[in-house]
Amino acid sequence: MDSARYKLRVSTRARSYHLEIDWEHGLIVVVPRRWNQQWVDHLITTKNNWIRKHLGQLEKEKDSLKTTAAVKYSPNQVLVIFKKEVSLIAQTMKLTYRS
């Protein structure tokens, strides 16, 4: 996933930014209400290494899970197993970078 693709969430309570890597949405950038798009773009550029590293880890986890499920189970069973494992991994893979 390219770090230029992200979900932006403007928070009225945030005093500073934080970055989240989420199983479903990928990169989520949370910023205070007073931030403008130029500051967000600068943040993404500055934290690009961190973003790429953690998105890469997430993609590896997803690929590993798909391979494991596809090898162990028949096509009809994969979907059920995949959904259960995804929900467990999603709870543990939520990574956050706070300033």
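This section reports on the structure supplied with the text.

Conventions we followed
Residues numbered from 1 in each chain as written. Predicted model: local features only at pLDDT ≥ 70, side-chain atom pairs only at ≥ 80, totals over all residues. Heavy atoms only, no water. Helix = DSSP H or I, 4+ residues; strand = E, 2+ residues; numbered from the N terminus. Buried < 20%, exposed > 50% of the residue type's maximum accessible area, 1.4 Å probe, protein only. Polar contact = N/O pair within 3.5 Å; in protein donor to acceptor, adjacent residues only side chain to side chain. Salt bridge = Lys/Arg side-chain N within 4 Å of Asp/Glu carboxyl O. Phe/Tyr/Trp six-rings, centres within 6.5 Å; stacked < 30°, edge-to-face > 60°. Lys NZ or Arg CZ within 6 Å of the ring centre and 35° of its normal.

**Quick word on the side chain of Asp-22**
Within the fold, Asp-22 resides in strand β2 (residues 18–22). Residue Asp-22 is classed as buried on the basis of its relative accessible area of 16%. At 3.1 Å, the side chain of Asp-22 forms a polar contact with the backbone nitrogen of Glu-24.

**Overview of the pattern of salt bridges**
This model, assessed by the stated rule, comprises one salt bridge. Close ionic contact of Arg-9 with Glu-20 constitutes a salt bridge, the shortest N to O distance being 3.9 Å. With Arg-9 in strand β1 (residues 7–11) and Glu-20 in strand β2, this residue pair connects regions lying eleven residues apart in the sequence. A relative accessible area of 40% means that Arg-9 is categorised as partly exposed.

**So, the environment of His-25**
Considering the arrangement of structural elements, one finds His-25 in the loop between β2 and β3 (26–32). On the basis of relative accessible area, His-25 is assigned to the partly exposed category, the value being 39%. When the C-alpha atoms of His-25 and Arg-5 are compared, they prove to be 9.8 Å apart, with 20 residues separating the residues in sequence. In terms of polar contacts, His-25 uses its side chain to reach the side chain of Asp-22, at 3.0 Å.

**Regarding the packing of aromatic side chains**
Scanning the model with the defined rule gives two aromatic pairs in all. Centroid distance Tyr-17 to Trp-35: 5.8 Å. Interplanar angle 50°. Geometry classified as tilted. Taken as a pair, Tyr-17 in the loop between β1 and β2 and Trp-35 in the loop between β3 and α1 (37–46) lie far apart in primary sequence, 18 residues in all. Its relative accessible area of 21% is what places Trp-35 among the partly exposed residues. Here the aromatic rings of Trp-35 and Trp-39 are separated by 6.1 Å at their centres, their planes lie at 85°, and the arrangement is edge-to-face. Judged by its relative accessible area of 43%, Trp-39 is partly exposed. Every member of this aromatic cluster is reached through a ring pair, and the members are Tyr-17, Trp-35 and Trp-39. One Lys or Arg, Lys-62, reaches over the ring of Trp-23 and ends 5.4 Å from the middle of that ring.

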